[in-house]
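Examining the three-dimensional arrangement
Spelled out from the first residue to the last, the chains are:
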Amino acid sequence: MRIATWNVNSIKTRLDLLTRWLKEAEPDVVCLQEIKCVDDAFPRTAIEDLGYNVVVHGQKTYNGVALLSRLALEDVTIGLPGDDADDQARFVEAVVSIPGRAVRVAGIYLPNGNPAPGPKYDYKLAWMERLRAHAAERLRLEEPYVIAGDYNVIPAAQDARRPEAWVEDALFRPDTRAAWRRLMALGFTEAVRACDDADGVYTFWDYQAGAWQKNDGIRIDHLLLSPQAADALLTTRIDKHVRAWERPSDHVPAIADFAFG
DNA sequence: ATGCCATAAACATTATGA
């Protein structure tokens, strides 16, 4: 089973690239972030025609996440539990059924948090704590569980070409990394780092200042695996070449292959 | 300290992103 995550930065603008990439990469499950449209505006038919079931948690203009799956999606959770007043579309979760087994997959768009400090940063840290609480509950099920998405977290200096440029940023501040470590300490394995400890593994390059041309990137898109999912992990891949396509997203797909299914 | 670029909508400036 191949599970991928990709922040497309508008599904409407990126539909042709998404279609091209789905045919090329042949993922079984895809977590999309920043679709930037309401549910009814999502290009559902175009994606269903490629053989995917679709669950959308959309929002006008900002945020928005979706799950695509070749297999049935069941037991859907829309929105991150823990705060009924939070109306930002950043979390969608479902069970992907395979014969004799089930894998639960959550797609997340974790808040950016800039400028920091400030209310947006407070929201980011609160959201990370809610994610930790929800993840702890899911881990008690002792099942294969994958939380994939745009975490807006640079876990370590190794994950940035110029870490010194990010020390005051919400993606890399000490409180952000501490919250990341509290999440990981529940027992998760980050798939990409588990398979490759090299420097220079990035998933995002800013549109500005020639970041892509200079390979001035950061690694902020992650796949967190429960122990039962980590046991089945085979390989990972970053589809970096997609960043060089015409009118690209500033993020590229991150992919993990598993032995189940 | 700001813009550098990209997106959507408030439509020609603003909010947001990272």
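Here, the structure is the one placed above.
Residues numbered from 1 in each chain as written. Chains lettered and ligands numbered in written order. Predicted model: local features only at pLDDT ≥ 70, side-chain atom pairs only at ≥ 80, totals over all residues. Heavy atoms only, no water.

Turning our eyes to something else, we now look at the overall build of chain A. Assigned secondary structure in chain A consists of six helices and 14 strands. For 261 residues, the compact-globule formula gives about 18 Å, and the C-alpha radius of gyration of chain A, at 17 Å, lands near that figure. Taking the principal axes of the C-alpha coordinates as reference, chain A spans close to 45 × 45 × 40 Å. The buried share of chain A, reckoned over its 261 residues, is 56%. Sequence-distant contacts, at least 24 apart, represent 68% of the contacts inside chain A between residues at least 6 apart. For chain A, the exposed area adds up to about 11100 Å²; of that, 47% sits on carbon and sulfur atoms. Chain A carries 31 positive and 39 negative side-chain charges, and their two centres are separated by 4 Å. (Helix = DSSP H or I, 4+ residues; strand = E, 2+ residues; numbered from the N terminus. Rg over C-alpha atoms; globule rule 2.2 N^0.38 Å. Buried < 20%, exposed > 50% of the residue type's maximum accessible area, 1.4 Å probe, protein only. Contact = heavy atoms within 4.5 Å. Areas by Shrake-Rupley, 256 points an atom, 1.4 Å probe, with all protein chains shown as cover. Lys, Arg positive; Asp, Glu negative; His and termini not counted. Charge placed at Lys NZ, Arg CZ, Asp CG, Glu CD.)

For the rest of this paragraph, the subject is the pairing of strand E3 (residues 53-57). Within a regular strand, side chains alternate between the sheet's two faces. Across the five residues that make up E3, a large majority, four, are buried. Note: E3 against strand E4 (residues 65-69), five bridges, orientation antiparallel. Within E4, the residue paired with Val56 across the bridge is Ala66. (Pairing = 2+ DSSP bridges.)

The next subject is the pattern of salt bridges. Counted under the stated rule, the structure contains 13 salt bridges. Among the ionic pairs, Asp75 bridges to Arg104, the shortest N-O distance being 3.1 Å. Remark: Arg104 occurs in strand E7 (residues 101-109) and Asp75 occurs in strand E5 (residues 73-78); sequence separation between them is 29 residues. For Arg104, a relative accessible area of 10% corresponds to the buried category. Put simply, Arg162 and Asp216 hold a salt bridge, and the shortest N to O gap is 3.0 Å. Of this pair, Arg162 sits in the loop between strand E8 (145-150) and helix H4 (174-184) while Asp216 is found in the loop between strand E10 (204-205) and strand E11 (217-218), placing the two residues 54 residues apart along the sequence. Residue class for Arg162 comes out partly exposed when judged on its relative accessible area of 38%. One connected set of salt bridges, linked through shared partners, spans Asp159, Glu190, Arg193 and Arg219. (Salt bridge = Lys/Arg side-chain N within 4 Å of Asp/Glu carboxyl O.)

Let us look at the environment of Val153. Its location among the elements puts Val153 in the loop between E8 and H4. Once residues lying within four places of it in the same chain are set aside, the contact partners of Val153 are Lys124, Met128, Leu171, Thr176, Trp180, Arg219, Ile220 and His222.

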